[in-house]
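Structural overview
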Amino acid sequence: MSTAAETLLQVDDLHAHYGKSHILHGVNLKVARNEVISLLGRNGSGRSTTMKAVMGLVTPTSGRIQLQGRELAGARPYAICRAGIGYVPEEREVFANLTVDENLRMGEQPPVPGAHRWRIEEMFDYFPRLKERRNTKAGSMSGGEQQMLTMCRSLLGNPLVLLIDEPTEGLAPKIVAQVAECIRDMHRKGVSVVLVEQKLAIALKVSTRVCVMGHGRIVFEGTPQELTANEQLVAEWLAV
Ligand SMILES: Nc1ncnc2c1ncn2[C@@H]1O[C@H](COP(=O)(O)OP(=O)(O)O)[C@@H](O)[C@H]1O
Ligand SMILES: [Mg+2]
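Residues numbered from 1 in each chain as written. Chains lettered and ligands numbered in written order. Predicted model: local features only at pLDDT ≥ 70, side-chain atom pairs only at ≥ 80, totals over all residues. Heavy atoms only, no water.

**Some remarks on the packing of helix 3 (residues 100-107) against helix 6 (residues 143-155)**
Across the interface, helix 3 lies against helix 6 with an axial gap of 7 Å and an inter-helix angle of 35°. The handedness of the crossing between helix 3 and helix 6 comes out as right-handed. Seen from helix 3, the contacting residues are Val 100, Asn 103, Leu 104, Met 106 and Gly 107; seen from helix 6, they are Leu 149, Cys 152 and Arg 153. Among the residues making up the contact of helix 3 with helix 6, the classes are represented as 5 nonpolar, 2 polar and 1 charged. (Axes fitted to C-alpha atoms, helices over the stretch in contact; angles between N-to-C directions. Helix = DSSP H or I, 4+ residues; strand = E, 2+ residues; numbered from the N terminus. Left-handed = near helix turned anticlockwise from the far one by under 90°. Contact = heavy atoms within 4.5 Å. Nonpolar A, V, L, I, M, F, W, Y, C, P; charged D, E, K, R; others polar.)

**Focus: the layout of surface pockets**
Summary: where empty space remains is shown by rolling a probe the size of a single water molecule over the atoms. If you add up the space inside the largest pocket, you get close to 600 Å³. Lining of the largest pocket is provided by 22 residues; of these, Cys 81, Tyr 87, Gly 107, Arg 153 and Ser 154 occupy positions nearest its centre. Mapped by element, the contributors of at least two residues to the lining of the largest pocket are helix 2 (77-83), strand 6 (85-88), helix 3 and helix 6. Per-element tally for the lining of the largest pocket: the top contributor is helix 2, with 4 residues. Of the residues that constitute the lining of the largest pocket, the class distribution is 11 nonpolar, 7 polar and 4 charged. (1 Å grid on protein atoms, 1.4 Å probe; cavity = no way out; pocket = protein on both sides within 12 Å on 5 of 7 lines; lining within 4 Å. Points joined across faces, edges and corners; volume = space filled by probe spheres on them.)

**Regarding the sheet that holds strand 5 (residues 70-71)**
Strand order in the open sheet formed by 4 strands is 2-1-4-5, with antiparallel pairing between adjacent strands. The sheet is open, and its two borders are formed by strand 2 (21-32) and strand 5, each paired with just one other strand. Both strand 1 (residues 7-18) and strand 4 (residues 62-67) contribute to a ladder of 5 bridges, which runs antiparallel. Across the sheet, the residue bridging to Leu 9 is Leu 67, located in strand 4. (Pairing = 2+ DSSP bridges.)

**Regarding the UniProt feature "domain: ABC transporter" (unreviewed entry) in the protein**
The UniProt entry lists residues 9-240 under the feature "domain: ABC transporter" (unreviewed entry), expressed in the numbering used here. Annotated as residues 9-240, this span is 37% helix and 26% strand, and its ends, taken at the C-alpha atoms, are 31 Å apart. (UniProt positions renumbered as here; feature names shortened; annotations may be inferred.)

**Overview of the nonpolar core**
The nonpolar side chains of a soluble globular protein tend to be buried, and buried together. Of all hydrophobic cores here, the largest spans 35 residues; its most connected members are Phe 127, Leu 130, Ile 164, Ile 183 and Met 186. Among the elements that line this core, the one with the most residues is helix 7 (residues 173-188), at 7 residues. Formed by 32 residues, the second largest nonpolar core is a distinct cluster that contains Leu 39, Met 51, Ala 83 and Cys 211. (Core = buried A, V, L, I, M, F, W, Y, C linked by side-chain atoms within 4.5 Å. Buried < 20%, exposed > 50% of the residue type's maximum accessible area, 1.4 Å probe, protein only.)

Below, the structure written as structure tokens:
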């Protein structure tokens, strides 16, 4: 098997634009196997755009995105997904007319070599509410339930690396705790996670490493402990 230090995803000098607006100014990011990395930063710092650029949903202007050494910059989103990168967008996206169960089945994809194979029953263990509603049409569920469903559906694609954009936004505290536990279990099962999480306490709890973004760059990278010890950094880049 792989060593702890094996780099799965490597992003080098990534630039991206929306029209003429230059948004990402050279993002560098290395994600090793079994890491949970939080991308922190204020609104507008470029965290979602970084995820979209990695997924090919925003075409990078320049830079490299490699998964296990394979170049993905410029590839189509479905190809990036097939290569082993999963994505849970900020906007929850369910198939409204399909049941919870059917939505979950839509996400199933054979694991790429080295990836954990998840089962639908495990999703129900994390989120008992989804089990209760497994035969309910997804479109009739609450926003929070749809959010859980979107995350579980992406996990059933058995990715090597899962990008999750603000999974706990607007969720009740009990569900936030379930999401945090699910992410911790992804870590235990060897999935590498890149997380955008506005709730600093949650991000610090589930992450092995944190990156702080500011103005389309990574301005700090370190352990959660190193971040909290650096009050000036928190004040400059994270405090609202
Ligand atoms: N579709 C878009 N078109 C134009 N500008 C955008 C678009 N999406 C985001 N932006 C801008 O890009 C910058 C970074 O946004 P984003 O990556 O969403 O930040 P974050 O996720 O860190 O809040 C912001 O200034 C935002 O206004
Ligand atoms: Mg965002």
